[in-house]
Amino acid sequence: MADSLPDHESLLAAAEEGVDFDGFVLERTDDGTYALETPEARETTLEEGELERALESIPAFVSNWRYWDAIGGEGTARRTFLRWCERAPIADATTEGQTLGDEPLEVPERHDALEEGIVREWGQLRIAVRLADGGEGERRYELRHVDDADRAREELERREDPRDARELSTYDEEGRYRPLKTAPTLRSGWVLPDLTGRALVEAVDFFYPATIANWHRERRGELDVDHWLETAERQTGIYDVIDELPREAVDWMAEACCVDSQCLRRREWEYDDDDALEAPGGDGPFPCREPCSLVVAAARKWAILESEAERTYELELTTSELNQLAELIDAVADGRTDEIREADVNDGANRYRARYLRAKRFDENGGLEATKRE
Ligand code: SF4
């Protein structure tokens, strides 16, 4: 992508058909001269030599045309994404249901901003795009974790190959496998410093599969959403049971798995087309169009658990112990247990507090001492 930018001759050839791109208009007129227009000026009856000088006076427009002509792929997801990266206007955008982010930049100010570098965030990825050396309009993209925004490049583990993203996204900071690629657990400390547009799109696709394609479909109003009920009903084999999950349990499930603290995709699927879930869908830039395999697998477990009848139990607890059970559940659900210091015995989820409760309230079978009421 943009390996070689079109030269002056290519621009003249394009002018035969007429160039009209990002405020840069160039056309060959019937008398064999050229008409050139930018938002600031319009010149007509330019002979070739005059045109060359006129083009040299507007390098930002010319180099912008060159880069995007080389990128090609009008209307494709990769081109739209690369334009979003540098805040270029996007012709095919709809405004419904999308996070537009910052206002687009027109060519002169975008060119100036690209000299410094334009930064975008895509989930936990920080994308910085700048003009490459040489003044031809070529771009270079740097990709790193958002948490590393202020770190010097030399401090980060340098990677060159976009396919390294697959390895970088497999395990979290603690070395645990990440079953959900869009969970906000991407490890930091690395940098892909010098990517072409093609390599950037490839790397982002490894980090967050299909997010660019679905974001692009959404922008065009073409996102095909599969809601819970239709997804559940088409399951077979061991997942056949998930359509038995009660309606309210689907809400609990979405709250458990799909909120921003657990997944960076913005959930667009609901229970059904005309039955929205109460759990928030999230604010991320890229949408989730159907329940993922992780949610489907978890739903199977919940469908089995929810098929059990509720019973009443009697067990003895002090009020503080009852509150402690709530604190324990909260700490586990929010992934906070590692943060609770051993010395902090005021926290109900403190390890010593939990061990004490177990020693006091568990029976010889290793469960809470409770009596089932008939
Ligand atoms: S179903 Fe939920 S957890 Fe799975 S990708 Fe979509 S939003 Fe994320």
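Refer to the preceding data block for the structure.
Just so we're clear, the structure is a prediction, and the values are computed from it rather than from any experiment.

J.: So what's going on with the packing of helix α4 (residues 77-85) against helix α8 (residues 211-219)? Residues and values would help.
T.: If you want to describe how two helices pack, look at the angle between their axes and the distance between the axes. In the contact formed by α4 and α8, the axes pass within 9 Å of each other and the chain directions differ by 85 degrees. Considering their axes alone, α4 and α8 lie roughly perpendicular with respect to each other. Of the residues in α8, those touching α4 at Ala77, Arg78, Thr80 and Phe81 are Ile212, Ala213, His216 and Arg219. Of the residues assigned to the contact of α4 with α8, the class counts are four nonpolar, two polar and two charged.

J.: Could you give an account of the sheet that holds strand β7 (residues 139-145), naming the residues involved and the relevant values?
T.: With mixed pairing, the five strands of this open sheet are ordered in space as β5-β6-β7-β9-β8. Single-partner strands in this sheet number two, and they are β5 (118-122) and β8 (157-158). Note: strand β6 (residues 125-131) against β7, seven bridges, orientation antiparallel. Bridged to Ala128 within β7 is Glu142. Strand contacts of helix α7 (residues 197-207): β5, β6, β7 and β9 (190-195), with the helix running at about 20 degrees to β7, the strand carrying the most contacts.

J.: Account for the nonpolar core, with residues named and values stated.
T.: Ranked by size, the top nonpolar core spans 42 residues in total, and within it Ile127, Leu143, Leu200, Ala203 and Val204 carry the most contacts. Summarising the domain contributions, this core has at least three residues from each of domain 1 (8-66) and domain 2 (73-219). With residues up to four places along the chain from it excluded, the contact list for Ile127 reads Cys85, Val119, Arg120, Trp122, Tyr141, Leu143 and Leu200.

Conventions used here
Residues numbered from 1 in each chain as written. Predicted model: local features only at pLDDT ≥ 70, side-chain atom pairs only at ≥ 80, totals over all residues. Axes fitted to C-alpha atoms, helices over the stretch in contact; angles between N-to-C directions. Helix = DSSP H or I, 4+ residues; strand = E, 2+ residues; numbered from the N terminus. Parallel < 35°, antiparallel > 145°, perpendicular 65-115°, else oblique. Contact = placed C-beta atoms within 7 Å. Nonpolar A, V, L, I, M, F, W, Y, C, P; charged D, E, K, R; others polar. Pairing = 2+ DSSP bridges. Core = buried A, V, L, I, M, F, W, Y, C linked by C-beta atoms within 7 Å. Buried ≥ 20, exposed ≤ 12 C-beta atoms within 10 Å, placed from the backbone. Domains from an automatic or database assignment.

Shape descriptors only; they carry no functional weight alone.
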